[in-house]
Amino acid sequence: MSDTESPGPDASGDTESDPSFDPAEPNTGDSFEPVDVFPDSDDFDLRPGADSCYKCSTCDTNCPVAEVDDDFPGPKFQGPEQWRLKQTDDDYEVDDSIMDCSNCMRCDNACPSGVPLSQMHNTARGQYVDEQMSKLSVEYWRNRILANYRTSAWFASKVPRLANFAMNFGPARWAMDKAMGITDEREFPAFATETFTEWWAKQGGAAGSRERAREARERRGDPVDADKQIAYFHGCYSEYNTPEVGKALVRVYEHFGYEVVVPDQGCSGTPMFANGMVDDARRHAEVNVSSMSDLVDEGYDAIASCTSCSMALRQEYPELFDIEGIDDVATHTFESVEYLRIHEDLVDEVREAEVDDELAEEFAYHAPCHARNQGLDRQAVELFRDLDGAEIEDVGESCSGISGTYGWKSEKYEKSMAIGEEMFDHMDHAAGETGMTECPTCAMQMEHGTGYEVRHPLELLEAALVE
Amino acid sequence: MAIESAVLVVGGGLAGLTSALAAARAGADVRLVSYKQSTLRHASGLVDVLGYTPDGDGPLRDPYEAIPDLPLTHPYRTVGVSTVRDAMSLFDETVPTYRGDHTDLNALVPTHGGTIKPTARYPASAAAGLASDDRDVLLAGFESLVDFDAPHAAAHLRSAGVPFRVRGATIRFPGDLRADAKVTRYARLLDTDGDVTVDGRDRPVRTALTERVERELDGEARVGVPAILGDDHAAAVREDLGERLGVDVFEVPMGPPSLPGLRLEDRLFEALDDAGASFETGNPVVDYDGDGRIERVFVEKNGARIPFSAEEYVLATGGLVGKGVESNREGVTEPVFDCHVPHPADRYDWFEDEAFGDHEFAAFGVGTDDGLRPLDPDGNVEFENLRAAGSVLGGYDFAAEKSGSGVSIATGYAAGRDAAEVVA
């Protein structure tokens, strides 16, 4: 904005003693010298965002937590208001309600002024955990273990059958609830007996994919040397729990003639942001950005099948970390179906396809909160509208309530279920008895609340397009 | 490649939604993209057509009668009275929970400030509150909802000379809701008739609220409360409270964030879905390709530019508040397609010194031809396949005229209808 531009060389700067000063003739800006209110720092500057908030409270009407929790002050407080309090008082402590924010990020999509609410929440939460939460507390370690799901999942994947038994062994779960605060109301997700990357290696990895992609291009009549290469960010859940989603992605992309590579990767960081474990998230982000940015340089795009993973790479990384190549990676990251909608004639292919009922005839679809900011909350419903043999019904705009690790915490379980109530109710009224969503933890909640099996849109796309 | 549709509407407010709906109902393949969630929840939920003339005469009895006398540059003159009527019919068909379609005449609806707003349509929830009704009114405000001071609003209405007795009382909303509880919290509690703690006992909220309002009633036939009576089940909540109290209960429309606005938004998006249209929100249109004709536009997502292409485009990005028109020290611009926005060169001519003066900036926006296509400084069409609708249009001051919703609906309808005709 020109209001804050530096004054020109002829600026006198001294308007107050000017005898011609007349309040009815406002300062035209020629002699305006902006005051630097806050000294330079290496932190991301949240000031313009805080200043953009005109307190319309639209964000608050989108907050699923504030709708059910009388103690939660809502995103407007957690973001711009708390940020201002921090600037004016050096001893200001971040309010502990920041830990009740579930990081659904719906407030971002709500704000008509573009206030980076979730960036403010992530920053405040990181500060709270860093400076105010005892590193000896059960809560800290419980959160840290939940946030680092990938580590537990990695161990479990070595002995999946034993892990599946042990993780849902009643007395152990009772003890986890009492001692750790991990609710025993939920069943732990099953670990696959073969991880996605184990399967991928058996398919010949990148070399195998190149071969299959070329065959597909020939079949489709595309140029055989077409520049169609993607790097798959499978995330932890497709790797350890639902490899069928990863397999569907590979098959669908190869069907369209894309060569798939699966680079080294850690967790996207989503559960870590939500728990204020920003250092943990950064460690993983460094791995991901490093491997992805090399591939982006070579012309690959990064594709995620989980909307929270794509959200992390696209938005949270550049908002929270300054890592070389991070902006390039963010710009080249897409959600899996979105990318095909942009680059392929997906609508027509789906329109001409049909599916039998191998998955289900009718699906109750829930759009994950993290799909919203990416403009993807309607994607599956609109895409499959024209697919013969399958009906997709949107179960409404409410949040599922689990928000990753949030609903796993004993003290938040009830709240999580209260938020999810509307979705359960709508799922109950929908014709389908199979759920559909892009988000693995929403899927957990859908299954927990209704008992439905839950599918990823890629699985239906695979059924429709890949023979 | 690009994400394709026949018609692409840019903007998710009342103009964009009406435009997409009109085009979709006419059989076109329509997609709507909106930077953020619709701003309808900023609106009171009242749908006006014209309350005052540009000279400030009014409140007008019949808005339609006044349209032919508006200046030629007014958007209503561009589309014509019969299009305004067709557009309102589309609205009426789409939103059956609204009232006022039985007459051309304006209704007089009390606002949360105690003023009276001339409006063409109003939510059924506000129907029992009309100022033309001579039954006595109790306005019941809630201590924690400071936007509505019931005794003050009542006094204001009395001094406006309403034909009934009106009193205001402030009560405590039952339960221990936090002082700044969100309107959605009240609505959800009432929707589900959830329990609240009153004097140490758990009571269903509707029962507890009824008791508190009842204590204040003194023979009034109707009770007005701030517009928080439920979201998904608003009609049921209102009727239930009315039956318990033995009076008509109505909602007083409130400022943002507004539940009547939110309910209208939900209804319009639902209608858009039913009509087979596609839509997405969350990211802005930032650029376009094309010269004289728009080939495609780009939606920016965290640095990535996603191409969307269509045959016909509708620009419905809002005005100065909605950021569809922007200004700085250099001038006034339309940021997406850089359409010309007429304005005086000297920015001290943009406004008057009096706060409520006749500011020129209030009517800033693009000028168009008869088909709502924006014009360049020489009076030529900027793009043959771009139409503008809603407050991105210039030539009217909706806040002073009380014509914001009507212009959005009428021009949105016209733009959508005409775009659909081209692609048919």
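Criteria and thresholds
- Residues numbered from 1 in each chain as written.
- Chains lettered and ligands numbered in written order.
- Predicted model: local features only at pLDDT ≥ 70, side-chain atom pairs only at ≥ 80, totals over all residues.
- Domains from an automatic or database assignment.
- Helix = DSSP H or I, 4+ residues; strand = E, 2+ residues; numbered from the N terminus.
- Nonpolar A, V, L, I, M, F, W, Y, C, P; charged D, E, K, R; others polar.
- Axes fitted to C-alpha atoms, helices over the stretch in contact; angles between N-to-C directions.
- Parallel < 35°, antiparallel > 145°, perpendicular 65-115°, else oblique.
- Left-handed = near helix turned anticlockwise from the far one by under 90°.
- Contact = placed C-beta atoms within 7 Å.
- Expected span 1.5 Å × (residues − 1).
- Buried ≥ 20, exposed ≤ 12 C-beta atoms within 10 Å, placed from the backbone.

Asks: What exactly am I supposed to notice about the domain arrangement of chain B here?
Replies: Many descriptions give the size of an interface as the accessible area lost when the pieces come together. All names here are of chain B. Domain annotation for chain B reports domain 1 (3-99 + 262-423) and domain 2 (112-252). Each of domain 1 and domain 2 has a C-alpha centre, and these two points are 34 Å apart. Elements with a minimum of two residues in the side of domain 1 that touches domain 2: helix 4 (81-94), strand 4 (98-99) and helix 9 (259-274). For the side of domain 1 that touches domain 2, the residue count by class is 10 nonpolar, 5 polar and 4 charged.

Asks: Is there a simple way to explain the packing of helix 1 (residues 14-25) of chain B against helix 9 of chain B in this structure?
Replies: Relative orientation and spacing of two packed helices are given, respectively, by the angle between their axes and the distance between those axes. Residues and elements named next belong to chain B. Running from amino to carboxyl end, helix 1 crosses helix 9 at an angle of 25°, the nearest separation of the two axes being 9 Å. For the element pair helix 1 / helix 9, the angle class is roughly parallel. Classified by chirality, the crossing of helix 9 by helix 1 is left-handed. Residues Leu-17, Ala-20, Leu-21 and Ala-24 of helix 1 form the contact with helix 9, whose participating residues are Leu-268, Ala-271 and Leu-272. Its residues assigned to classes, the contact of helix 1 with helix 9 shows 7 nonpolar, no polar and no charged.

Asks: Please explain the interface of chain A and chain B as it appears in this structure.
Replies: Taken together, the contact between chain A and chain B spans 37 residues of the former and 34 residues of the latter. When contributions to the side of chain A that touches chain B are tallied by element, the ones reaching two or more residues are helix 3 (106-110), helix 15 (307-320), helix 16 (326-331) and helix 17 (336-343) of chain A. A breakdown of the residues in the side of chain A that touches chain B according to their chemical character gives 13 nonpolar, 13 polar and 11 charged.

Asks: What am I meant to see in helix 4 (residues 117-131) of chain A here?
Replies: Three- or four-residue spacings in an α-helix give side chains the same orientation, since the helix completes a turn every 3.6 residues. All names here are of chain A. Relative to the 21 Å expected for 15 residues at 1.5 Å per residue, helix 4 spans 21 Å between its end C-alpha atoms, a close match to the ideal helical length. Among the 15 residues that make up helix 4, 11 are buried, leaving the element largely enclosed by the rest of the structure. Burial in helix 4 covers these residues: Leu-117, Ser-118, Gln-119, Met-120, His-121, Asn-122, Thr-123, Ala-124, Arg-125, Gly-126 and Val-129.

Asks: Looking at this model, I keep getting lost on helix 9 of chain B. Mind explaining?
Replies: Residue and element names in this part refer to chain B. The first and last C-alpha atoms of helix 9 sit 22 Å apart over 16 residues, in line with the 22 Å expected at 1.5 Å per residue. Within helix 9 the residues assigned to the buried category are Leu-259, Pro-260, Gly-261, Leu-262, Arg-263, Leu-264, Glu-265, Leu-268, Phe-269, Ala-271 and Leu-272. With its phi angle positive at about 85°, Gly-276 sits one or two positions after the end of helix 9.

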